[in-house]
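A closer look at the structure
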Amino acid sequence: MIEVKMAIDFLEEFQKKIEISGIDNFFSGGKSRELISAAEEVLGNKFPESYRRFLERYGSGGVFGMEIYGIPNDDLNAKGIPNTVWLTRIAREEIGLKDDLVIVGDAGLGDYYVLNCNQEKSGELLLWNTRSQQGVKDLASGTNFEEFLNIKLNEAIESLEEE
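Residues numbered from 1 in each chain as written. Predicted model: local features only at pLDDT ≥ 70, side-chain atom pairs only at ≥ 80, totals over all residues. Heavy atoms only, no water.

The geometry of helix α3 (residues 49–57) relative to helix α5 (residues 145–162) is characterised by a closest axis approach of 8 Å and an angle of 55° between their N-to-C directions. In terms of their interaxial angle, α3 and α5 are classed as oblique. In contact with Ser50, Tyr51 and Phe54 of α3, α5 contributes Phe145, Glu146 and Leu149. (Axes fitted to C-alpha atoms, helices over the stretch in contact; angles between N-to-C directions. Helix = DSSP H or I, 4+ residues; strand = E, 2+ residues; numbered from the N terminus. Parallel < 35°, antiparallel > 145°, perpendicular 65-115°, else oblique. Contact = heavy atoms within 4.5 Å.)

If you want it as structure tokens, here you go:
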């Protein structure tokens, strides 16, 4: 239960930062637990609790230059970004993404941010380089989805302040 409370508290902080900064944001809207469970079943993964909470509250979307993939609508088979189910399935079939990884964002130049759903390292965020034989690498040791969201939001706010 502690992990759930931390995830909710973190998302409250995330929302407050968005509101205080006045930064442009777009989210598809929260999704039901049943739909999130169905997405997990389709992909054969159990999402980390922090990502499940993000999906429940926001669905998918982002802020000023940062997009988080998720579940944009009730059609898990809908083609296109930001549908994490569709994109992860395509990447597994066509590019060889490992079964315990789920794509949650575009890192640019063909790279993706992926969540490790492996039971031992669940929640770790990794960088998947689709052009390299090395494949997946840590962003920073132990970086999780919550830290990733915080880092990306701070980068977006800093970019906005520089303009």
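Attention now goes to helix α2 (residues 33–43). Those residues of α2 not exposed but buried are Leu35, Ile36, Ala39, Glu40 and Leu43. Across the axial projection of α2, the buried residues extend over an arc of 145°, all falling on one side. Facing away from the buried side of α2, by more than 90 degrees, are the exposed residues Glu34 and Glu41. Residues of α2 that are buried sit in contact with α3, α4 (84–94) and β4 (101–108). Once α2 finishes, glycine 44 follows within two positions and takes phi at roughly 75°, a positive value. (Buried < 20%, exposed > 50% of the residue type's maximum accessible area, 1.4 Å probe, protein only. Arc of directions from axis to C-beta.)

So, to be careful, I would describe these as geometric facts and stop short of saying anything about function.
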